[in-house]
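Close look at the chain arrangement
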Amino acid sequence: MERVEVLKTYKIYIGGKFPRTESGRYYTPQGADGKSLGNICLSSRKDIRNSVVAARKAFGGWSGRPAFNRGQILYRIAEILEGRRPQFISELIIQGQSAVNAEKEVDLSIDRLIYYAGWCDKYQQILGAVNPVASSHFNFTVPESMGVIGVLAPVETSLIGLVSLVAPIIAGGNTCIVLASESLPLCAVTFAEVLNASDVPGGVVNILTGNQEEMTKPLVTHMDVNAVVYGGDDEKVLTFLNESSVVNLKRIRQFTKNWMNAGSQSLKMISDCLESKTTWHPIENIGGANSSY
Amino acid sequence: MNKKNERNQYVVPNFSKSPAVDKVGVEERVSRFQKRSIKNESKVQGLKMALNMIDLTTLEGKDTPRKVKQMCYKAKHLHDVYNGLPTVAAVCVYPSMVRVAKDEVKDFGIKVASVSTAFPSGQAPLKVKLDDTKYAVDQGADEIDMVISRGKFLSGEYDFVFDEISAIKEVCGAARLKVILETGELVTLDNVRRASDIAMYAGADFIKTSTGKIQPAATMQVTYTMLEAIRDFKNATGIQIGMKPAGGISNSKLALHNLVMVKEVLGNEWLTNEWFRFGASSLANDLLMQIMKAETGVYQSSDYFAID
């Protein structure tokens, strides 16, 4: 007997759950063969609002976790992704990647997660500093998470661009709302399933599919979003982000690289989504010596 | 029973024959209130109305005069960057904090409500409850939020509950009496209806769902049952009674659903803070954030709103 094919429902990822879009709207992007990739959620500003609420709720717990534990969880994402390699490769092929490149893209994504997992409990030492000052103070600087970060994922890749942006953001203890690539959305939704299975607390990463242009405004003007990371190179979009973000002085970061390049990962991508806190701690003058730390 | 209430001269019904409540029907009706489409302009009006109906509440063992003063400041200055906002209706505190609160808000048209009668359990002798209430009134409370004796009610001693409410009403004087049923402990909607009837016939000016200390608190099913009791009481006696859902109403959407329900069950007459209140504390900021969203077109952050 011929088996009836079970089609997958692609849903969005908010607060550790997989709801359908609040708007009830869908779009049907086409794969490389001209066939529909499926009914993908066309998320609305209400989904943005719900995601920001979820991300804010998750922020305290995530940024407060021991750094080592964050590293373990990032490593776990890589493990689970490894276990689902075939699924990601076939989704990339449906979306137009060659078999060789699809395999390379998934491998690179896994390696990139491992790379940032390693940084989780190390960037503090590299980026932190003890500063020489002229008074009797112990003056030191530590990096802190920025908070809730909006991400406009690169539109030209389905998986590697998204992973390359999300990994450094969550490694730094931030939570995020990701607007996936509109034309290549499949891996974003499947990656959400990976996150959901890898001890990442709900709300740390929220992934929405749909029209980036439509969703950018409510995201970049949202008073509860602390920064926006842009993975494209459209000057108009960048200008719009910079202008619209002034309502609460969001930090705008632009990361454009060839993500398929093994070297397109760096400590700087973590530090760009961190802030520095400097503390002045009074100290005594011991034995007449001006102690200098 | 069939006794006459001395003050109001209406015949008190037999409470063991209070109407039974159709639970499935209530749920069906309540779900419809949640599906009304509310257009932007009406929404803003509704949000402001809800803001004006709030009893801003702090009822904690750790309350201090400074904490109460801070809350009163919030009651007076909800969000000063927005011109023309209403104030909340009242602040709700323990009897020991009434004087502090009264001094803070008396010039601003904000009332002071005090819980009493051994709130929240109500497990104290009548004399203690009367003294508790009298103290709150003497300290300047405009409104008294009393709790009923749920243990007695559940044992079927309806006369006891009735007489207790009447006695408290006596010492309230000019202060309006809100009777808290603590519906989370009454278990069934039939009990909620019966307790509502007892409270109203015994002299309540307001009936209130919960203390906020027990879950579930003000569910829409419970509020709907109490609104129906209020409507029937008005039809039977001509006396208007107020309603105060308290506990669990923490966001604007729920508040708007409640307003829709009040309008459709009781009518416009009840849509003022004279007859309808929300007992809440976190609701105020959510309403303010929604109002500012409508004003600026931008989603808001709690970072920019005062903690009450």
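Our structure is the block above this text.
In short, a report on the structure. Just so it is clear, the model here is predicted, and its values are computed rather than measured. (Residues numbered from 1 in each chain as written. Chains lettered and ligands numbered in written order. Predicted model: local features only at pLDDT ≥ 70, side-chain atom pairs only at ≥ 80, totals over all residues. Heavy atoms only, no water.)

Let us look at the pairing of strand β2 (residues 90-93) of chain B. All names here are of chain B. The two faces of β2 match: Ala90 and Cys92 on one face and Val91 and Val93 on the other face are all buried. The pairing of strand β1 (residues 54-57) with β2 spans 3 bridges and is parallel. Its bridge partner being in β2, Leu56 is matched across the sheet by Val91. Running through helix α3 (residues 65-76), the crossover from β1 to the neighbouring parallel element β2 is right-handed. The pairing of β2 with strand β3 (residues 111-115) spans 4 bridges and is parallel. Bridge pairing in β3 places Ala90 opposite Lys111. Traced from β2 through helix α4 (residues 98-105) to β3, the parallel crossover comes out right-handed. (Buried < 20%, exposed > 50% of the residue type's maximum accessible area, 1.4 Å probe, protein only. Helix = DSSP H or I, 4+ residues; strand = E, 2+ residues; numbered from the N terminus. Pairing = 2+ DSSP bridges. Right-handed = clockwise from strand over helix to strand, strands pointing away.)

Right, let's talk about the sheet that holds strand β9 (residues 251-254) of chain A for a bit. All names here are of chain A. The sheet built from 5 strands is open, its strands ordered β7-β6-β5-β8-β9 with parallel pairing. Of all strands in the sheet, those bounded by a partner on one side alone are β7 (205-208) and β9. For this sheet, the mean angle separating the axes of adjacent strands, direction not counted, is 15 degrees. Relative to β9, strand β8 (residues 227-230) runs parallel, the two sharing 4 bridges. Looking across to β9, one finds that Val228 is bridged to Ile252. (Axes fitted to C-alpha atoms, helices over the stretch in contact; angles between N-to-C directions.)

This part covers the packing of aromatic side chains. Residue and element names in this part refer to chain B. In the structure shown here, the tally under the stated rule is 12 aromatic pairs over all chains. Centroid distance Tyr201 to Phe233: 4.8 Å. Interplanar angle 85 degrees. Geometry classified as edge-to-face. On the criterion of sequence distance, the pair formed by Tyr201 in helix α8 (residues 189-202) and Phe233 in helix α9 (residues 220-237) is long-range, its members being 32 residues apart. Here the two residues Tyr201 and Phe233 agree in accessibility, since each one is buried. Through successive ring pairs, a cluster of aromatic residues spans Tyr10, Phe15, Phe162, Tyr201 and Phe233. Taking the ring centre of Trp275 as reference, the NZ or CZ of Arg176 above it sits at 4.9 Å. Positioned over the ring face of Tyr299 is Lys293, at 4.8 Å from the centre of the ring. (Phe/Tyr/Trp six-rings, centres within 6.5 Å; stacked < 30°, edge-to-face > 60°. Lys NZ or Arg CZ within 6 Å of the ring centre and 35° of its normal.)

On to the interface of chain A and chain B, then. If you look at the interface, chain A gives 9 residues, while chain B gives 7 residues. Buried surface at the junction of chain A and chain B, summed over both partners, amounts to about 820 Å²; 54% is from carbon and sulfur atoms. Summed over the shared surface of chain A and chain B, the result is 0 salt bridges. Across the chain A-chain B interface, the total number found is 2 residue pairs in polar contact (both at pLDDT 80 or more). The dominant element in the side of chain A that touches chain B, judged by the number of residues it contributes, is helix α1 (residues 45-63) of chain A, at 3 residues. A per-class count over the side of chain A that touches chain B returns 2 nonpolar, 3 polar and 4 charged. (Contact = heavy atoms within 4.5 Å. Buried area = accessible area lost by both parts, 1.4 Å probe. Salt bridge = Lys/Arg side-chain N within 4 Å of Asp/Glu carboxyl O. Polar contact = N/O pair within 3.5 Å; in protein donor to acceptor, adjacent residues only side chain to side chain. Nonpolar A, V, L, I, M, F, W, Y, C, P; charged D, E, K, R; others polar.)

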